[in-house]
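Spelled out, the chains give:
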There are 2 protein chains.
Amino acid sequence: MTDTNNAAAAPASRPRGRRSKDMPDGRQALLIAATEAFANLGFDGADLRSVAAAAGVAPNLVRVHFGNKAALWEACLDRIVTLAVPAMAEVHAIAHDASRSLGDRLRALIIRVATFYAAYPEVRNFVVRRGAESPERATLVTERLLRPAYETARALFQAGIEAGIIRSQHPALFFALLNAALDQPPAFPMLLTRIAPEIDAETAWAQLLDTTIASLLHLPPAQAGGESAAGDGRTPAP
Amino acid sequence: MTDTNNAAAAPASRPRGRRSKDMPDGRQALLIAATEAFANLGFDGADLRSVAAAAGVAPNLVRVHFGNKAALWEACLDRIVTLAVPAMAEVHAIAHDASRSLGDRLRALIIRVATFYAAYPEVRNFVVRRGAESPERATLVTERLLRPAYETARALFQAGIEAGIIRSQHPALFFALLNAALDQPPAFPMLLTRIAPEIDAETAWAQLLDTTIASLLHLPPAQAGGESAAGDGRTPAP
């Protein structure tokens, strides 16, 4: 999250005007602002002039860097895929780590996916809510991101179903449930502690993750407490 | 959903201009358009002129009906509370129905909440994502909606935790997980069947709900199949 914030904040402190292609921060700032706009407003609703303003660059830079709106949208998807590649590689490694129990691997996978969503909260809106608004973009979202992400986890989910740890008729249904469960808005822990002040605000996010793991994985109670994200919800995580 | 669609569509076919307060459809159309704008753009980002245009009414009607933006936002929250009242009353009745087993009541509660989100997909963004952007609005969201909704379910969640059916350290953590899990974008079943074509598109939503129930409730396998929303995922729901 630090990287994206820096990239978004940087252009405001620089002089405006035409940038050449060898100034990657203008391009990057446009991608970040455009991802947010597409996620919030959809493809048709996003306005390129507002995107350029939010990115702190001159409006003509959209055309210079990307050509048109459709190409800008595809570049946003490409950026998300690039951001997701390390997480997918780790999920793949976790899924195939025969030295760990199935329960441990599923728990580690959930933590890795949760960390990705926490770092890039706009991704799910861009991909799932807005990416499905046209058949062409739904195809791109599916083929470039959803299918590869699903494929890294599918065999592990299937093994979890066969072992009774995952309760789903199909690994893709569990994939959908898991992604929805892990998409907590950044402000949610604060709202949570308002309705339940006894929940420590510092560890609310980690406690939510623990609850997600304990709920979604049907492990015997002895195994379920394994690697707690919140130190069993009683002490802050290190 | 039919009511809100009709209300949103109606003003377009009527002459524009000043409406008196006894024409409720202009007010209602403004509330629907404003809820969507606040959910997508946040309070500061929502533009009253665009809201009026989306509602098909004259821009001055915002001031006529609501006074200012803050009052419009509060009226949107009031409308959501009104929409949620029947669901909360049913959840309360389900929670206190001693004739049903704990597992049956929790299953019925999840189905009722899922039905509410399916009917009003903008609510969660308005309330949780955007409602937390200022302390004043976070207080209103918490006191008028989140706390009452949580209170209708809290005792049942607590009983579920004590019986081992719910795996959470605190009922509020389960409340948060459940709300996130049930917030599937309308287009998600379509994306799901693209990555797993063997899932029947007609019953994808019901199958997702079944998976949510089977995952979140730790019931013995014999009880877990109880009232399947998708007829065990093999036959379409009636």
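As a reminder, the structure under discussion sits directly above these lines.
Predicted model only: the values in this text are computed from it and were never measured.

Caption draft 1: Spotlight on the environment of Ala-55 of chain A. Its place among the elements puts Ala-55 of chain A in helix H3 (residues 48-55). For the pair Ala-55 of chain A and Ala-33 of chain A, spaced 22 residues apart in sequence, the C-alpha to C-alpha distance is 5.6 Å.

Caption draft 2: Representation of the relation of the copies chain A and chain B within the structure. Once turned by 180° and shifted 0.0 Å along the axis, chain A lies on chain B with an RMSD of 0.0 Å. What the superposition gives is, in effect, a two-fold axis relating one chain to the other. Across chain A, the smallest distance between a C-alpha and the rotation axis is recorded for Ala-181 of chain A, namely 2.2 Å. A share of 100% of interface residues in chain A that are also interface residues in chain B marks the association as one of identical surfaces.

Caption draft 3: Looking closely at the interface of chain A and chain B. Tallying the contact residues gives 55 residues for chain A and 55 residues for chain B. Across the chain A to chain B interface the summed buried area is about 4,800 Å²; carbon plus sulfur atoms make up 62%. Counting the surface chain A buries against chain B, the share from its top three residues, Arg-129, Leu-173 and Ile-195 of chain A, is 15%. The interface formed by chain A and chain B holds 2 salt bridges in total. One can count 23 residue pairs in polar contact (both at pLDDT 80 or more) joining chain A with chain B. For the side of chain A that touches chain B, the class distribution of residues is 32 nonpolar, 13 polar and 10 charged.

Caption draft 4: Spotlight on the side chain of Arg-105 of chain A. Residue and element names in this part refer to chain A. Counting through the fold element by element, Arg-105 comes out in helix H6 (residues 102-119). Buried within the structure, Arg-105 lacks any salt-bridge partner; Asp-97 is the closest side chain of opposite charge, at an N-O distance of 6.4 Å. A polar contact is formed between the side chain of Arg-105 and the backbone oxygen of Asp-97, at a distance of 3.4 Å. Aside from chain neighbours lying at most four places away, what touches Arg-105 is Ile-94, Ala-95, Asp-97, Arg-100 and Leu-156.

Caption draft 5: Inspection of the packing of aromatic side chains at higher detail. Considering all chains together, one arrives at 14 aromatic pairs over all chains under this definition. Between the aromatic rings of Phe-116 of chain A and Tyr-120 of chain A, the centroid separation amounts to 5.2 Å while the plane-to-plane angle is 55°, which identifies the pairing as tilted. Accessibility expressed as a relative area gives 11% for Phe-116 of chain A, which makes it buried. For the pair Phe-38 of chain B and Phe-126 of chain B, a centre-to-centre distance of 6.2 Å together with 65° between the ring planes defines the contact as edge-to-face. Taken as a pair, Phe-38 of chain B in helix H2 (residues 24-45) and Phe-126 of chain B in helix H7 (residues 123-130) lie far apart in primary sequence, 88 residues in all. Take Phe-38 of chain B: its relative accessible area is 2%, and that puts it in the buried class. Through a chain of ring-to-ring contacts, three or more aromatic side chains come together here, namely Phe-38, Phe-43, Trp-73 and Phe-126 of chain A. When the ring centre of Trp-73 of chain A is taken as reference, the NZ or CZ atom of Arg-137 of chain A above it lies at 5.8 Å.

Caption draft 6: Quick look at the pattern of salt bridges. Residue and element names in this part refer to chain B. With the rule as written, the count across this model stands at 18 salt bridges over all chains. Salt-bridge contacts for Glu-133 lead to Arg-130; the nearest nitrogen and oxygen are separated by 2.8 Å. Glu-133 sits in the partly exposed class, given a relative accessible area of 41%.

Caption draft 7: Here's a closer look at the packing of helix H10 (residues 188-195) of chain A against helix H8 (residues 135-162) of chain B. Where H10 of chain A contacts H8 of chain B, the two axes come as close as 10 Å, and the packing angle between them is 60°. Between H10 of chain A and H8 of chain B, the angle is such that the two are oblique. Read as a crossing pair, H10 of chain A and H8 of chain B show a hand that is right-handed. Contacts between H10 of chain A and H8 of chain B involve Met-190, Leu-191, Arg-194 and Ile-195 of chain A on the former and, on the latter, Pro-135, Ala-138, Thr-139, Thr-142, Leu-146, Arg-147 and Tyr-150 of chain B. Residue composition of the contact of H10 of chain A with H8 of chain B, by class: 7 nonpolar, 2 polar and 2 charged.

Caption draft 8: The packing of H8 of chain B against helix H9 (residues 171-181) of chain B, seen in detail. Residue and element names in this part refer to chain B. Running from amino to carboxyl end, H8 crosses H9 at an angle of 115°, the nearest separation of the two axes being 8 Å. The angle between H8 and H9 falls in the class roughly perpendicular. The way H8 lies across H9 gives a crossing that is right-handed. Contacts between H8 and H9 involve Leu-146, Ala-149, Tyr-150, Arg-154, Phe-157, Gln-158 and Ile-161 from the first element and Pro-171, Ala-172, Phe-174, Phe-175 and Leu-178 from the second. Of the residues belonging to the contact of H8 with H9, the class tally is 10 nonpolar, 1 polar and 1 charged.

Caption draft 9: Layout of H7 of chain B. Taking burial as the measure, the 8 residues of H7 of chain B include 8 buried ones, the bulk of the element. Taken together, the buried positions of H7 of chain B are Val-123, Arg-124, Asn-125, Phe-126, Val-127, Val-128, Arg-129 and Arg-130 of chain B.

Caption draft 10: Structural context of the environment of Arg-63 of chain B. Within the fold, Arg-63 of chain B resides in helix H4 (residues 60-66). Here Arg-63 of chain B falls in the exposed class, since its relative accessible area comes to 61%.

Reading guide: rules and limits
Residues numbered from 1 in each chain as written. Chains lettered and ligands numbered in written order. Predicted model: local features only at pLDDT ≥ 70, side-chain atom pairs only at ≥ 80, totals over all residues. Heavy atoms only, no water. Helix = DSSP H or I, 4+ residues; strand = E, 2+ residues; numbered from the N terminus. Least-squares fit on C-alpha atoms with pLDDT ≥ 70 in both. Contact = heavy atoms within 4.5 Å. Buried area = accessible area lost by both parts, 1.4 Å probe. Salt bridge = Lys/Arg side-chain N within 4 Å of Asp/Glu carboxyl O. Polar contact = N/O pair within 3.5 Å; in protein donor to acceptor, adjacent residues only side chain to side chain. Nonpolar A, V, L, I, M, F, W, Y, C, P; charged D, E, K, R; others polar. Buried < 20%, exposed > 50% of the residue type's maximum accessible area, 1.4 Å probe, protein only. Lys, Arg positive; Asp, Glu negative; His and termini not counted. Phe/Tyr/Trp six-rings, centres within 6.5 Å; stacked < 30°, edge-to-face > 60°. Lys NZ or Arg CZ within 6 Å of the ring centre and 35° of its normal. Axes fitted to C-alpha atoms, helices over the stretch in contact; angles between N-to-C directions. Parallel < 35°, antiparallel > 145°, perpendicular 65-115°, else oblique. Left-handed = near helix turned anticlockwise from the far one by under 90°.

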